[in-house]
Amino acid sequence: MYLKRILIKDLESHLPGDIDAFICCSSFEARCKTIAQNVSAKRFRWVIIAENENLFEVGLRNTMEFHSRFASKIIIKMKVSGHSPIITEDAVAYSIANALSQGAKSFLIDTTTFTRETLLILLNYFHKYIDRFGELTFLYTSASEYSVGDLPERMWLSRGIREIRSVLGFPGNIMPARKSHLIILLGFEADRAARLIEQYEPSILSIGYGPKDTSITPAHHEMNVYFCRKLMAMYSNVLKFSFPPNDSLGTKRAIQKQINKFPNTNVIVSGMNTKLSTIGTALAAFDNSEIQLAYAEPDIYNFSGYSAPGSHCYVFDLPLR
Amino acid sequence: MTPENNRLVALLSKGVADQCPSLPREGNVNYYERFRTNERFLTTNVHHLTTAAAMAQQIKHIEKLANKNNVTRRTLLDEIVKNSIWLTDHGVTHVETVIERAAQLVLKGNCNLTAYEAFILLMACHFHDVGNVYGREKHEQRISAIMDSIDPAVIGDNTFERRLVADIAAAHGGKIGNDKDTIGALPYKAQPGPDEVRAHLLAAILRFADELAEDYTRASRFAIDHDLILKASEVYHQYADRLRKVKINEGSIELSFEINKAVSMQKYGKGAKQVFLLDEIFDRTLKLHLEHLYCMRFMRPYIHFSRITIKIDLYNSNYSKLLRPAVHIEYDLEESGYPASPRGGIHCVCPNLVNGSGTNWTGQLLQNTVTDVESD
Amino acid sequence: MTKTVKIRNPFSVQTPEEITAKDAVSLFVDVFTDFPRIPHRGHTFVHGPRGCGKSMMFRYLQPDCQCLAHSCDIAELPFFAIYAPIKNTNLSLTELIRLKDLNLDTMLNEHFLTLYLAVRAFAATEPLEIPDKPQDRQSVRDFVEKHFLVLLRRCGSSLTHSTTPNMSVQQLFAFALRLCEELYSEVIMFLKTFSSSAPSAFKGPLCGYLDFLYPMLRQMRKLPFMPDGPIFLMLDDADNLNKTQTVILNSWVSTRTTSDVSLKISTQLNYKTYRTLAGTTIATPHDYSEVNIATVYTSSRNRYQERVREIVRKRLSLAGIESTPESFFPPDREQEEEIDRIAETLKREWGTRGRGYRPSDDVVRYARPNYIASLKGTRKAGSKYSYAGFEQLVHVSSGLVRCFLEPASQMFAGQVSHNGGKPVKSISPNLQNDVARDESNNLLFEEFDKLASEEGHENEYYTRVKQLSNLVRSLGGTFHQILISNRSERRVISIALSEEPTPEIAAVLKLGVQQGYFHASSLGNKEGTGRTPLYILTRRLAPSFTLDPFGFAGYLFVTNGFLRDAMSSPDVVKRIRETGVDSYFDSGQLELFK
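Residues numbered from 1 in each chain as written. Chains lettered and ligands numbered in written order. Predicted model: local features only at pLDDT ≥ 70, side-chain atom pairs only at ≥ 80, totals over all residues.

## Notes on the overall build of chain C
What counts is decided by this rule: Helix and strand definitions here come from DSSP, where helices need a minimum of 4 consecutive H or I residues and strands a minimum of 2 consecutive E residues; each element is numbered from the N-terminal end. For this measure, only C-alpha atoms enter the radius of gyration; the expected value for a globule follows 2.2 Å times N^0.38, where N is the number of residues. Contact criterion: two residues are in contact if their C-beta atoms, reconstructed from the backbone, are within 7 Å.
Counting its secondary structure elements, chain C contains 22 helices and ten strands. For chain C, whose C-alpha radius of gyration is 28 Å, the value lies close to the compact-globule estimate of 25 Å for 594 residues. Considered along the principal axes of its C-alpha atoms, chain C spans approximately 90 × 65 × 50 Å. Sequence-distant contacts in chain C: of pairs separated by 6 or more residues, those separated by 24 or more amount to 79%.

Printed below as a string of structure tokens:
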């Protein structure tokens, strides 16, 4: 598996020669366009644009820009839903199968602005039908800033939890008589993690957080440390562990290591950190079908200031075969 | 074999040909073929056994009892009488009649059965009495055991489908605990979605069709004429034999009995008793009326009959012409007039009208209860 | 070299499942005099918000705790309780949504739920000291071979497993448990591979309550070491079942099986429906009895206080801390002395200026409110009302034990840190007050505060949350204004609705109850024509609005107009402050409880 962090302006030179289809996700975030604006449309014939029916209006302008940029291509819409994972899975299957049936084999996937759940469902599709595909290249645009313009103590990305559910395709093997081990890759939103913990009431709780230098701001690293301490004061079986948020394979290994400490438990993993680490949770689940992935659907996003695009992106492949 | 022009078979056949979406697509099963295969299997191996096997079970029961110590002669004789039921036909002819009746109910109604529902109903018709091979008592609860013994290549390995057929078939009779509401107790949604099988409707159609299938095709004229029927079962066979016509019209049903002088004057064995055929007709048609009211609950709004008309005519001895002066008894069984209060009062209608300890609420109970409650 | 000894936090929250029987029995305070129906035969719903003690009750009812508590064998117990926690994604897997509106939906959900409970039933035997004599082994073998396996086969199982002759009792139960787990896994595998575009047939057995679970449990009851009494199936947090599973469970409740099996179902007031498969509705009392823990403890504060005192006393004792709850959580001495001085003044002046029937009435009604009012306007740093003190903290927890224990746990951790690791004998009033205020502010601001910046991107739920936020702040502010006014009754923290609420208002109030900001109750109206809905603001917010947490004797009658204003903006408080409470609310609106 390779993983390269590059300047976005150098993207073209790091892409494989052979790409049939480009998959991207239209969103309210400006970052959704970064890769599309920096990759030559000549490279591929098909463009699959994921559009979230629940966020369609807030992302409409960006959606129209995508359609305009790729007007000469065969555009396939992937109408996903933030509320209904069934609609999302069907849309993923339909749109990709459509491209495959027309001859597409190798895909370039911009993972940046997919919701975590949609991204996981997409990865599951690739994993399940990997033999139908040629080369799969993944991209992720980093952000220069989150919660743009807000003071550290006022930063937010999303609010409220509409629903907590298992991710479609990753039900795990939750046995009624076993103890539960909840593993949370903690990100920015400790309150959402708290809600998840309240819902699951696990026997064992493992909180993962990235090293200080990978945190959005030093203040957030401190907040996460404080949150962990608070949990440890409240609950009796809380463990901390570290994972590399910008390395999917590394995240996978960290999760596996944590799981091995408590064999014979029902393992539920929720990635609340970077998309790359969320991909790591999927890799862990592919190797170990006992893992259930859980997703807490936010009620509302910080539409106006979620993020600002950075100057770097990640190019990587994944061990899906 | 059920003819191709039977409404239900035609519905199924067309549904398969049109690849109707109601038919499950798993395993590329041809549901018409599956029905015919099961029909052939049961016809060849099971249906013809039901009557004889039920009798054999009764004999086994008597044998077992006779081998016990301290069983008195009186007890043994009573058990022999109780277990001397020679069932009317429960074989292929009866199944064909039930299917025919069910098809007519569907035709005269407005249920728009899907092809899959037609399949399920046809299968349930075939399986509803197979449990009799293990004996009459609780035969409807033994359907699953028979199904489990059939090769999955014949019956299919879709557990849910087999379960659905067995449950619908079993609801045609019997009780759950002391409760005869077997259709209401079916573990399926009372208001199913558009793609779901209407289990309660199909169970009610089967149950009512079974009631309407108790006609002369179930009786053996030869056995009756040669006095071969066991005493305790005589009236059941006469009843069946004398029911000459069942006509299902739009909104009403007609049952026509033909009896002659000899039949009307004689009493027939019914268990340990002796009864007139006319009295048996009254009892059985009243039961039919109650079944009608019960099944209508689940058949509404798709199928509705407002009336069952019973006609009884007296014929000459060989039934070639009506007797003169004519004796014609006709009556309608329908909901009419103001409903009568049940003898048990409101507690009969509302068994839930009880307090926390399960005692019926009455004025006296309330007075006793509030006496212990502190005033504001 | 000094040895660092880790100090055990006596208030740390363990999920009741994790607590050993010994600890559970030590910690448990008998609440069944408050809820007598729960440990008796009959289906029961136990409602209450998170943290009110439902799971702890269920833990205590389990046979290992009961045997320890009553020093007896299993056979001597009055019932055998099987605990079945329904966690968020145990049973309501997302994959099940694919079955919606398909024929298999009901059957497979029932099969899944049935197997889940069957596994829990066998798992319940693991921690028990079940005799393993030859006759016990034979009974259990007969149960497994002649009932359990037969029932499974009748449900369509083609498993050919059988027991081996020298299996012990525990091994036999483990064998049955593993079989059920195998079938449970099969369902998950089926769901994983199920596709709407190419649906596969389910080929496994289909077990239900009436054809498998109930007859199995009935036979299990007859085992020689089992009690004569019924089996309790305790489903904890049944809100987490999906809609189909909820309907199925209701159908089970409607069956008359309580002589053998009683269902004890806890909910967090979010139970999806009471409809059954037949389309009817289960109802109390004929199908089940019902207990709302929050209602009992909100309406009977003395009982709750006693319960918490006992819980805290036990926890301190278990941790080796020789303090009473009151001395462990001392109040702010200076504040209490000042309040006592005010009380003395009120008693002295009652003869000339008193309002209540007795001097003590005036003390209760006015001492603390007068003190709080006296703090208003003072510029002294730190001159804020303190919520320290065991009694105050109990009141602030608002009938939810967890809302006492969680802050207490933080207070303890803070005090340990402050003490430099030395043993803790009490929590400083300042620390108590800080934590109580933090908790209150978290409850108030967590979800609400930052939403204000997101105008224009609203969905229905978001709008309702915002309205609830405004309503809570409006009412909190209003109650504070009443508290510091000169009215005869100032300790008001409830509203009564003087008219039928509009659907919008009803939805916001319902959300408030669900989220724990209000507790719903009712009053008999004067006309005798029915009951008036009453909404009591949670005392957990008392620190945010500087309210007197010690009890309440009044409620404010409000109209839809007032509620609409309050929901649209907390500015109503400004208007009340400017106009004065007396002018804003006419005399009929502020009423006393009898």
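## Things to note about the overall build of chain B
Applied cut-off: Partly exposed residues are those whose C-beta has more than 12 but fewer than 20 other C-beta atoms within 10 Å; 20 or more makes a residue buried and 12 or fewer makes it exposed, with C-beta atoms placed from the backbone.
A tally of helices and strands in chain B yields 16 helices and six strands. In terms of its C-alpha atoms, chain B occupies a principal-axis envelope of roughly 80 × 60 × 55 Å. Looking at chain B as a whole, 38% of its 376 residues qualify as buried. Taking the contacts inside chain B whose residues are at least 6 apart along the sequence as the reference set, 68% of them involve residues at least 24 apart.

## Looking at the nonpolar core
The cut-off we apply is this: By definition, a nonpolar core groups buried Ala, Val, Leu, Ile, Met, Phe, Trp, Tyr and Cys residues that are joined through C-beta atoms within 7 Å.
By size, the foremost hydrophobic cluster in this structure holds 241 residues, and its most contacted members are Ala102 and Ile205 of chain B. Among the elements that take part in this core, helix α4 (residues 104–123) of chain C stands out by supplying 13 residues, more than any other. Judged by nonpolar contacts, the second largest core, of 79 residues, contains Ile207, Leu283, Ala284 and Leu318 of chain A.

## Structural notes on the sheet that holds strand β2 (residues 80–85) of chain C
Residue and element names in this part refer to chain C. The condition that has to hold: By the convention used here, strands pair only if DSSP detects at least 2 bridges between them. Whenever a helix is involved, its axis is fitted only over the stretch in contact; in every case the axis is a line through C-alpha atoms, and angles between N-to-C directions fall within 0 to 180 degrees.
The parallel open sheet is built from five strands, whose spatial order is β2-β3-β4-β1-β5. Looking along the sheet, the strands with just one partner apiece sit at the ends: β2 and β5 (289–292). Strand-to-strand, the axes of this sheet are offset by a mean angle of 15 degrees, without reference to chain direction. The pairing of strand β1 (residues 44–47) with β5 spans four bridges and is parallel. Looking across to β5, one finds that phenylalanine 45 is bridged to glutamate 290.

## Things to note about the interface of chain B and chain C
Our working definition: Polar here means any residue outside two lists: the nonpolar Ala, Val, Leu, Ile, Met, Phe, Trp, Tyr, Cys and Pro, and the charged Asp, Glu, Lys and Arg; Gly therefore counts as polar.
At the interface, 26 residues of chain B touch 25 residues of chain C. For the side of chain B that touches chain C, the element with the most residues is helix α9 (residues 159–170) of chain B, which contributes four residues. Split by residue class, the side of chain B that touches chain C holds eight nonpolar, ten polar and eight charged.

## Some words on the interface of chain A and chain C
Of the residues lining the interface, 35 residues belong to chain A; the matching set on chain C comes to 41 residues. Those elements giving two or more residues to the side of chain A that touches chain C turn out to be α3 (85–101), β7 (158–171), α5 (190–200), α6 (218–234) and β12 (292–301) of chain A. Looking at which element gives the most residues to the side of chain A that touches chain C, the answer is β7 of chain A, with eight residues.

## Digging into the domain arrangement of chain C
All names here are of chain C. Defined as follows: Boundaries of every domain are those given by an automatic assignment or by a domain database.
Domain annotation for chain C reports domain 1 (25–299), domain 2 (301–445) and domain 3 (449–592). Each of domain 1 and domain 2 was reduced to a C-alpha centroid, and the two centroids are 43 Å apart. Of all the elements in the fold, those that place two or more residues in the side of domain 1 that touches domain 2 are α1 (21–27) and α9 (293–299). Of all the elements, α9 adds the most residues to the side of domain 1 that touches domain 2, at three residues. Each residue belonging to the side of domain 1 that touches domain 2 can be placed in one class, and the counts come to seven nonpolar, four polar and two charged.

## Regarding the domain arrangement of chain B
Split by domain assignment, chain B resolves into domain 1 (1–213), domain 2 (214–339) and domain 3 (340–376). For domain 1 of chain B and domain 3 of chain B, the distance between their C-alpha centroids amounts to 42 Å.

## Remarks on the packing of helix α17 (residues 460–483) of chain C against helix α20 (residues 560–568) of chain C
All names here are of chain C. To be explicit about the condition: Angle categories are assigned with fixed cut-offs, so that under 35 degrees is roughly parallel, over 145 is roughly antiparallel, 65 to 115 is roughly perpendicular, and the rest are oblique.
Packing of α17 against α20 leaves a shortest axis separation of 6 Å and a crossing angle of 110 degrees. Accordingly, the angle class assigned to the pair α17 and α20 is roughly perpendicular. Counted together, Gln467, Asn470, Leu471, Ser474 and Leu475 of α17 and Leu563, Ala566, Met567 and Ser568 of α20 form the full contact between these two elements. Residue classes in the contact of α17 with α20 are distributed as five nonpolar, four polar and no charged.

## Remarks on helix α3 (residues 50–66) of chain B
Each α-helix turn comprises 3.6 residues. Residues three or four places apart therefore point the same way. As a reminder, the rule being used: To estimate the expected span of a helix, subtract one from its residue number and multiply by 1.5 Å.
The terminal C-alpha atoms of α3 of chain B, which comprises 17 residues, lie 24 Å apart, in line with the 24 Å expected from a rise of 1.5 Å per residue. Buried within α3 of chain B we find Thr50, Thr51, Ala53, Ala54, Met55 and Gln58 of chain B.

## Looking at the environment of valine 9 of chain B
Residues and elements named next belong to chain B. Assignment of secondary structure puts valine 9 in helix α1 (residues 7–17). With 22 C-beta atoms packed within 10 Å, valine 9 lands in the buried category. For valine 9 and phenylalanine 119, which are 110 residues apart along the polypeptide, the C-alpha to C-alpha distance reads 7.9 Å. In contact with valine 9, not counting residues within four places along its chain, are Thr2, Glu4 and Leu122.

## A few points about the sheet that holds strand β6 (residues 328–333) of chain B
Residue and element names in this part refer to chain B. Spatial strand order, β1-β2-β5-β6: four strands in an open sheet with mixed pairing. Strands at the two margins of the open sheet, each flanked by one partner only, are β1 (243–248) and β6. Across the sheet, the mean angle separating the axes of adjacent strands is 15 degrees when strand polarity is ignored. Contacting β2 (252–260), β5 (307–315) and β6, helix α14 (residues 277–299) runs over the sheet at an angle of about 165 degrees to β5.

## Some words on the pairing of β12 of chain A
All names here are of chain A. Relative to β12, β7 runs antiparallel, the two sharing eight bridges. Paired with proline 171 across the strands is glutamine 292, a residue of β12. Bridge analysis of strand β11 (residues 266–271) against β12 gives two bridges, and the strand direction is parallel. The residue bridging valine 269 from the neighbouring strand is leucine 293, located in β12.

## Examining the confidence of the model for chain C
All names here are of chain C. Under the convention used in this document: Per residue, pLDDT captures the predictor's confidence, and it can take any value from 0 to 100.
Per-chain confidence: chain C averages 86 in pLDDT, with 91% of residues scoring 70 or above. The spread of mean pLDDT over the elements of chain C runs between strand β10 (residues 590–592), the lowest at 47, and strand β3 (residues 231–236), the highest at 97. Below a pLDDT of 50 lies the segment residues 450–455, which in the model reaches eight contacts outside its immediate sequence neighbourhood of four places, other chains included.

## Quick word on the pairing of strand β5 (residues 107–110) of chain A
Where a strand is regular, its side chains alternate between the two sheet faces. Residue and element names in this part refer to chain A. By the alternation rule, side chains of β5 split into Phe107 and Ile109 and Leu108 and Asp110, which are all buried. Here strand β2 (residues 21–25) runs beside β5; their pairing, made up of three bridges, is parallel. The residue of β5 that forms the bridge with alanine 21 is phenylalanine 107. As paired strands, β5 and strand β6 (residues 136–146) are joined by four bridges and run parallel to one another. Residue pairing across strands places leucine 108 opposite threonine 137, the latter belonging to β6.

## Structural notes on unusual backbone geometry
Glycine aside, a negative phi is what most residues show, and trans is what most peptide bonds show. In the segment running from arginine 300 of chain B into proline 301 of chain B, the intervening peptide bond is cis, with an omega of -5 degrees. With respect to the element layout, proline 301 of chain B can be found in the loop between α14 and β5. Residue glutamate 201 of chain A is not a glycine yet carries a positive backbone phi of 45 degrees. Positionally, glutamate 201 of chain A belongs in the loop between α5 and β9 (204–209). A residue is classified by how many C-beta atoms lie within 10 Å of it, and glutamate 201 of chain A, with 23 of them, is buried.

## As for helix α7 (residues 248–260) of chain A
Residue and element names in this part refer to chain A. The line we're drawing: What the arc covers is the set of directions going from the helix axis to the C-beta atoms.
The end-to-end C-alpha distance of α7, which contains 13 residues, comes to 18 Å, matching closely the 18 Å that a straight helix rising 1.5 Å per residue would cover. Where α7 is concerned, the buried positions are Ser248, Thr251, Lys252, Ala254, Ile255 and Gln258. Across the axial projection of α7, the buried residues extend over an arc of 165 degrees, all falling on one side. What points out from α7, more than 90 degrees from its buried face, is the exposed set Lys257 and Asn260. Looking at the buried side of α7, the elements it contacts are β8 (180–185), β9, β10 (238–242), β11 and α8 (275–287).

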